[in-house]
Amino acid sequence: MVQDRRFNTVVLHFTICAWYVFTVAQNMAITSLRSHPGVSAFGGRWKYLTFINLVLQAVFFSICFLADIGQLWDKVKEKQSLSTLVSFRDGLFSVLAFPVGTFVVISFWALYTYDRELVFPKHLDAIIPTWLNHAMHTFILPLLLVELYAVRHQYPKKKHGLLGLAVFCILYLVWVFYIKYAADIWVYPVLAQLSHVGMVVFFSLSFLIFAYLYFLGEMLSMRFWGKSEHSRKKAEQSRRRD
């Protein structure tokens, strides 16, 4: 029974990994062939959180697949290496893959609904086909929820998880402002519409949403799988003190 479940997980992760590799390749091919204006500008594709997230998801599910293969192979000698890989997989999911992926979906469609010109101008319809737009901005969330339900991920201590997420956010923010400084362009049209105060509010709200999504991922994981090992140990220590 356990072996069958592990095999199903291998198939799931291989399929999702292949999907993301295909999506990244199509993104690069289509945007190059059809001359995406942002791709040819300073920073290329790597200035867009959407593309960074696509690569992040592809890397994450590749690691999931490798960890699955290791767990299927009962005669693994390097058990310490496998344990490290599984821990890295869990950390990557909880700190980056889930909150960043979910943020991309929510923020894109919220801005798109309000005014699409702020995030995905109409002229991009002639460059990026509808299916690819949804692959980058919609399908990510259902796949993450499937992962959350299919595999138990051990969440790190909250302060460590939030610190890792904060480092990612700060690095990306620095990158966005460096692009503005070096090339005098904003990565997203919405930023050009904001005052200095508006920009502070916008980025502060974004940071809060990232933090909320981190807690949401942990809460959903606990609902599906029960408390993590760290949470159980903390609860036991608290009972002992009482």
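Residues numbered from 1 in each chain as written. Predicted model: local features only at pLDDT ≥ 70, side-chain atom pairs only at ≥ 80, totals over all residues. Heavy atoms only, no water.

Under the criterion given, the structure shown has zero disulfides. For the unlinked cysteine Cys-64, the closest cysteine sulfur is that of Cys-17, found at 9.0 Å. (Disulfide = S-S within 2.5 Å.)

A separate point is helix H6 (residues 158-183). Helix length check: H6 (26 residues) gives 37 Å between terminal C-alpha atoms against 38 Å at 1.5 Å per residue, within 8%. Taken together, the buried positions of H6 are Gly-161, Leu-165, Phe-168, Cys-169, Tyr-172, Leu-173, Val-176 and Ile-179. Remark: Asp-184 follows H6 within two positions and exhibits a positive phi of approximately 55 degrees. (Helix = DSSP H or I, 4+ residues; strand = E, 2+ residues; numbered from the N terminus. Expected span 1.5 Å × (residues − 1). Buried < 20%, exposed > 50% of the residue type's maximum accessible area, 1.4 Å probe, protein only.)

Turning our eyes to something else, we now look at the layout of surface pockets. Looking at the largest pocket, its volume works out to about 940 Å³. In terms of lining, the largest pocket is formed by 44 residues, of which the most central are Leu-49, Thr-50, Val-119, Tyr-172 and Tyr-188. When residues of the lining of the largest pocket are traced back to their parent elements, those giving at least two are helix H1 (2-33), helix H2 (49-72), helix H3 (79-115), helix H4 (130-137), H6, helix H7 (189-192) and helix H8 (196-225). For the lining of the largest pocket, the residue count by class is 34 nonpolar, nine polar and one charged. By volume, the second largest pocket amounts to about 310 Å³. As for the second largest pocket, its lining consists of 13 residues, and the residues nearest its centre are Arg-6, Gln-71, Ala-150, Val-151 and Arg-152. Elements supplying a minimum of two residues to the lining of the second largest pocket: H1, H2 and H3. With four residues, the single largest contributor to the lining of the second largest pocket is H1. (1 Å grid on protein atoms, 1.4 Å probe; cavity = no way out; pocket = protein on both sides within 12 Å on 5 of 7 lines; lining within 4 Å. Points joined across faces, edges and corners; volume = space filled by probe spheres on them. Nonpolar A, V, L, I, M, F, W, Y, C, P; charged D, E, K, R; others polar.)

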